[in-house]
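# Chains, contacts and geometry: an overview
One letter stands for each residue in the lines below.
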Amino acid sequence: MPYNTVYYIPFNTEFYSDKSFNPIIRQTELVDKSYVYTSCPVFNHYNNRTFVVSSPIDFSFSVKRTINSTNNELCVNIDVDNVDHKGLLYTNSDHLESPLPVFQLKIPRFLFWTYENDMWFNFFDHPMTSYSNNLISVNGWFNLSNWTRVSSFAFTMVDESKPVIIKKGDPLHRLSFIYPNLDDGIVLKEEKDPEKIAEIKRSYDQKCELRSWKRTLFSKTNSKSKCPVGFLFK
């Protein structure tokens, strides 16, 4: 069976000092084999090409809405339990005024890239988070071959009257990489060369400033739109 490789590097590496912790795990490694359906080839084909991303830290916060008695404006207080983690949570007034509050957590974040043509990056929720963590991730996909980018973890609260509670190791969302031949396997490989990582990050920052990637997010790959950091490895 042919295999296609997707490379990645983690951001906020200070939260990954525990080398025994694997932040991205192939979903088949987490499946309880005592279930009868695990012998189904359709189930295994899907799960072998799906990856689960887990939290590297404990993180929790709560939201409280009040009305300012002076000007009758809505005030939203966000209380992050660990003050050292306060800068990891982001939102704005538009997101807070959504039907349910929307936030972005700056971890886990990874920069993904590939040298294959028309490899799509699929970011989607994990079924346990609405039950265990009071959140649901915001889903999306795009052509990874056309744009190397950092994944962002955005989510809506399920019940804003209750806190969001995340424990280290909790699954937060899932990833899959969709190739034109869906029967091809996927290899996910972490880049660990410090010099190469520094060059990749610099190139990524430069490409972000140009914002030329927008028109190629959903188009087929061509020689001009392929991996913007590919020249580093030629």
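A brief look at the structure comes next. (Residues numbered from 1 in each chain as written. Predicted model: local features only at pLDDT ≥ 70, side-chain atom pairs only at ≥ 80, totals over all residues. Heavy atoms only, no water.)

## Details of the overall build of the chain
A tally of regular secondary structure across the chain gives 4 helices and 16 strands. Buried residues in the chain amount to 44% of all 234 residues. Taking the contacts inside the chain whose residues are at least 6 apart along the sequence as the reference set, 75% of them involve residues at least 24 apart. (Helix = DSSP H or I, 4+ residues; strand = E, 2+ residues; numbered from the N terminus. Buried < 20%, exposed > 50% of the residue type's maximum accessible area, 1.4 Å probe, protein only. Contact = heavy atoms within 4.5 Å.)

## Quick notes on the packing of aromatic side chains
In the structure shown here, the tally under the stated rule is 19 aromatic pairs. On the numbers, 5.8 Å between centres and 15 degrees between planes, the contact of tyrosine 7 with tryptophan 113 is stacked. In this pair, tyrosine 7 sits in strand S1 (residues 3-10) while tryptophan 113 sits in strand S8 (residues 110-114), placing the two residues 106 residues apart along the sequence. In this structure tryptophan 113 comes out as buried when scored by relative accessible area, which is 0%. Taken together, the ring pairs connect Tyr8, Tyr16, Phe51, Phe110, Phe112, Phe121, Phe142 and Phe177 into an aromatic cluster. Over the ring of phenylalanine 11 we find lysine 201, and its NZ or CZ is 4.8 Å from the ring centre. (Phe/Tyr/Trp six-rings, centres within 6.5 Å; stacked < 30°, edge-to-face > 60°. Lys NZ or Arg CZ within 6 Å of the ring centre and 35° of its normal.)

## Quick word on the nonpolar core
If you look at the biggest cluster of nonpolar residues, it comprises 39 residues, and the most contacted ones within it are Phe59, Phe61, Leu105, Phe112, Phe155 and Phe177. Ile9, Trp147, Ile200 and Tyr204 belong to the second-largest nonpolar core, a separate cluster that totals 10 residues. (Core = buried A, V, L, I, M, F, W, Y, C linked by side-chain atoms within 4.5 Å.)

## Digging into the pairing of strand S13 (residues 153-157)
For S13, the buried fraction is high: 4 of the 5 residues fall into the buried class. With 4 bridges connecting them, strand S7 (residues 102-105) and S13 associate as antiparallel partners. Paired with glutamine 104 across the strands is alanine 154, a residue of S13. The pairing of strand S10 (residues 135-137) with S13 spans 3 bridges and is antiparallel. Note on S13: the bridge partner recorded for isoleucine 136 is threonine 156. (Pairing = 2+ DSSP bridges.)

## Regarding the sheet that holds strand S9 (residues 120-125)
Consider a sheet: its strands pair through backbone hydrogen bonds, and that pairing is either parallel or antiparallel. Sheet architecture is open: 5 strands sit in the order S2-S3-S15-S9-S11, paired in antiparallel fashion. Either end of the sheet is taken by a strand with one partner, and the two such strands are strand S2 (24-26) and strand S11 (140-143). Going across the sheet, the axis of each strand differs from the next one's by a mean of 25 degrees, ignoring polarity. Strand direction decides the pairing type here: S2 and strand S3 (residues 50-54), joined by 3 bridges, are antiparallel. Bridge pairing in S3 places isoleucine 24 opposite valine 53. (Axes fitted to C-alpha atoms, helices over the stretch in contact; angles between N-to-C directions.)

## Considering the pattern of salt bridges
Overall, the coordinates contain 4 salt bridges when judged by the stated rule. Here lysine 220 and aspartate 118 are joined by a salt bridge, their closest N and O atoms 3.4 Å apart. With lysine 220 in the segment after helix H4 (194-210) and aspartate 118 in the loop between S8 and S9, this residue pair connects regions lying 102 residues apart in the sequence. A salt bridge links arginine 202 to glutamate 199, with the shortest nitrogen-to-oxygen separation between them at 2.0 Å. In this pair, arginine 202 and glutamate 199 both sit in helix H4, 3 residues apart, roughly one turn of the helix. For arginine 202, a relative accessible area of 44% corresponds to the partly exposed category. (Salt bridge = Lys/Arg side-chain N within 4 Å of Asp/Glu carboxyl O.)

## As for unusual backbone geometry
Among all residues save glycine, negative phi is the norm, and among peptide bonds the norm is trans. The omega angle of the peptide bond from isoleucine 107 to proline 108 is -10 degrees, so this bond is cis rather than trans. Assignment of secondary structure puts proline 108 in the loop between S7 and S8. For asparagine 12, which is not glycine, the phi torsion reads 50 degrees and is therefore positive. Mapped onto the secondary structure, asparagine 12 falls in the loop between S1 and S2. For asparagine 134, which is not glycine, the phi dihedral falls at a positive 65 degrees. Within the fold, asparagine 134 resides in the loop between helix H3 (129-132) and S10. For asparagine 134, a relative accessible area of 8% puts it in the buried group.

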